[in-house]
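These are the residues of each chain, in order.
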Amino acid sequence: MRRALPDLFDWVETLPELFTWATLPTVSGVRSFRVEEYVDDGTYVVRAELPGMRPEDISVEVDNGILTIHAERKQEHREHGMTEFQYGEFERRIALPKDGVDESKITARYDAGILEVTVPVTQTQSQPRAIPVQRTEQQSIEGSGTAQQQPSQQQGS
């Protein structure tokens, strides 16, 4: 009974990952981890919760607008006892904002179990704007009995 509860907690903890395409494991057996993302003073920030890792066990890559964070925690074998720690490979893929990120200036640092990846945002995101629709008028061509559309000089209503 003692081991059944941690398994249940593991399952419940990973349940939200099933509903997000970016968090689905890419390789069988690869687990995910928690992240938060936000924009702060012109910088896109991704923070990943990776406690107990060493920086050399974490890799950060960017390819075609997708940030991939991969980590591995190796299990330490002990004679007696139990563990609720998660061991093995962990990975998350996060789509970077489409407008204005400078992938060449991405930085990553790890401190106190949190990996922080920063990406400068070099320009503002495009703003929605209304596109005027031009009116066309149908004019018949003499003798042919067919109609031809001609753009009008008027814009608007």
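Before any of the text, the structure's been laid out above.
Residues numbered from 1 in each chain as written. Predicted model: local features only at pLDDT ≥ 70, side-chain atom pairs only at ≥ 80, totals over all residues. Heavy atoms only, no water.

Counting its secondary structure elements, the chain contains one helix and nine strands. The order of helices and strands in the chain, counted from the N terminus, is α-β-β-β-β-β-β-β-β-β. In the chain, the proportion of contacts linking residues at least 24 apart, taken out of those at least 6 apart, comes to 44%. Accessible surface for the chain amounts to roughly 12,100 Å². Of this, 49% is attributable to carbon and sulfur atoms. (Helix = DSSP H or I, 4+ residues; strand = E, 2+ residues; numbered from the N terminus. Contact = heavy atoms within 4.5 Å. Areas by Shrake-Rupley, 256 points an atom, 1.4 Å probe, with all protein chains shown as cover.)

As a further point, take the pattern of salt bridges. Summed over the entire model, instances satisfying the criterion amount to eight salt bridges. For the salt bridge of Arg93 with Glu91, the shortest nitrogen-to-oxygen distance reads 3.5 Å. The partly exposed category is assigned to Arg93, whose relative accessible area is 37%. When the shortest N-O distance is used, the salt bridge between Arg109 and Glu116 registers 3.6 Å. In the salt-bridge network here, residues are joined through shared partners; they are Arg54, Glu56 and Asp57. (Salt bridge = Lys/Arg side-chain N within 4 Å of Asp/Glu carboxyl O. Buried < 20%, exposed > 50% of the residue type's maximum accessible area, 1.4 Å probe, protein only.)

Turning our eyes to something else, we now look at the sheet that holds strand β3 (residues 58-63). Read across the open sheet, the three strands follow the order β3-β4-β5; overall the sheet is antiparallel. Of all the strands in the sheet, the pair left with one neighbour each is β3 and β5 (88-95). Ignoring which end each strand starts from, the neighbouring axes of this sheet average 15° apart. (Pairing = 2+ DSSP bridges. Axes fitted to C-alpha atoms, helices over the stretch in contact; angles between N-to-C directions.)

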